[in-house]
Amino acid sequence: MEKYIEVLVKEMKQMMREMKVHIHNPSAYDIAWVAMIPSDKCGGEPMFPKCLEWIIENQKDGGFWGGEDDCNSPSPTAECLPATFACIVALKTWDVGHECMGRGTQTTFSPY
């Protein structure tokens, strides 16, 4: 079973490398999960480093992540929590964006 999963992961990575599709308005949550995928060539590096760059460049002034689709408020609400958490985990996975991680962990989320 473990070997079968490894084969599926390799196939999925190959499919993602070959994709030429431009996705409009991806969510911060989705980008964070893609950013955590390790490279086949070097497991110590991300397969999609541009996703990490996006995370660092798109943190909101309040220290959270999320766009119109997942967070409709200029201040962080509970809807932004999953995206913010995923972005922090992605940055921590690759040990980058320490300032962004710090700002993200200091964010206070409102229930509304």
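Looking at an unreviewed UniProt entry, the chain carries the name Squalene cyclase N-terminal domain-containing protein, with the source organism given as Amborella trichopoda.

What to know about the pattern of salt bridges
Under the counting rule described, the total for this entry stands at one salt bridge. The shortest N-O distance in the salt bridge between K50 and E53 comes to 3.7 Å. Taken together, the residues K50 and E53, both in helix α3 (residues 49-57) and three residues apart, mark about one turn of the helix. Residue classification places E53 among the partly exposed residues on the basis of a relative accessible area of 38%.

Notes on the packing of helix α2 (residues 28-35) against helix α4 (residues 81-94)
In a pair of packed helices, the angle between the axes and the distance between the axes together describe the arrangement. Axis separation between α2 and α4 bottoms out at 8 Å; the angle between their running directions is 20°. Here α4 runs roughly parallel to α2, going by the angle between their axes. Read as a crossing pair, α2 and α4 show a hand that is left-handed. Contacts from A28, Y29, A32, W33 and A35 in α2 reach P82, A83, A86, C87, A90 and W94 in α4. Tallied by class, residues from the contact of α2 with α4 come to eleven nonpolar, no polar and no charged.

Concerning the nonpolar core
L52, I55, W65, A90 and L91 are the most contacted members of the largest nonpolar core, which has 21 residues in total. Broken down by secondary-structure element, the contributors of at least two residues to this core are α2, α3, α4 and α5 (98-105). Here L52 is in contact with A35, P46, A90, L91, W94 and V96, once residues within four sequence places are set aside.

Quick word on α3
Among all positions of α3, only C51, L52 and I55 are buried. Projected down its long axis, α3 shows its buried positions confined to an angular sector of 100°, all on one face. Relative to its buried face, α3 has exposed residues pointing more than 90 degrees away, namely K50 and E57. Check the buried side of α3 and you find it contacts α2 and α4.

Some remarks on the environment of L52
With respect to the helices, strands and loops of the structure, L52 is situated in helix α3. Look at L52 and you get buried, because its relative accessible area is 8%. For the pair L52 and M36, spaced 16 residues apart in the sequence, the C-alpha separation amounts to 8.6 Å.

Quick look at the packing of α4 against α5
At a minimum axis separation of 10 Å, α4 and α5 run at an interaxial angle of 150°. The angle between α4 and α5 places the two elements in the roughly antiparallel class. Here the hand of the crossing between α4 and α5 comes out left-handed. Counted together, T84, I88, L91 and K92 of α4 and C100, M101, G104 and T105 of α5 form the full contact between these two elements. Split into classes, the residues belonging to the contact of α4 with α5 amount to four nonpolar, three polar and one charged.

Cut-offs used in this document
In every chain, residue numbers begin from 1 and rise along the written sequence. Local features in this predicted model are restricted to residues of pLDDT 70 or higher, and side-chain atom pairs are both shown and tallied only at a pLDDT of 80 or more, whereas totals for entire chains, interfaces and linings draw on every residue. By convention in this description, side-chain values take in all heavy atoms of the structure and omit both hydrogens and water. Salt-bridge detection follows one rule: a side-chain nitrogen of Lys or Arg within 4 Å of a carboxyl oxygen of Asp or Glu. Helix numbering and strand numbering both begin at the N terminus, where a helix is a DSSP run of H or I of at least 4 residues and a strand a DSSP run of E of at least 2. For each residue, the accessible area found with a 1.4 Å probe, counting protein chains only, is set against the maximum for its type, and the residue is called buried under 20%, exposed over 50%, and partly exposed in between. To obtain each axis, a line is fitted to C-alpha atoms, and for helices this fit is confined to the stretch in contact; angles are then taken between N-to-C directions over 0 to 180 degrees. The cut-offs work like this: below 35 degrees is roughly parallel, past 145 is roughly antiparallel, 65 to 115 is roughly perpendicular, and the gaps in between are oblique. Handedness of each helix crossing follows the sense of rotation of the near helix against the far helix: counterclockwise by less than a right angle gives left-handed, clockwise gives right-handed. Here, residues are in contact when the closest pair of their heavy atoms is within 4.5 Å. For this classification, the nonpolar set comprises Ala, Val, Leu, Ile, Met, Phe, Trp, Tyr, Cys and Pro, the charged set comprises Asp, Glu, Lys and Arg, and every other residue, Gly included, is treated as polar. Each nonpolar core is a collection of buried residues, namely Ala, Val, Leu, Ile, Met, Phe, Trp, Tyr and Cys, held together in the definition by side-chain atoms within 4.5 Å. To obtain the arc, one takes the directions from the helix axis to the C-beta atoms.

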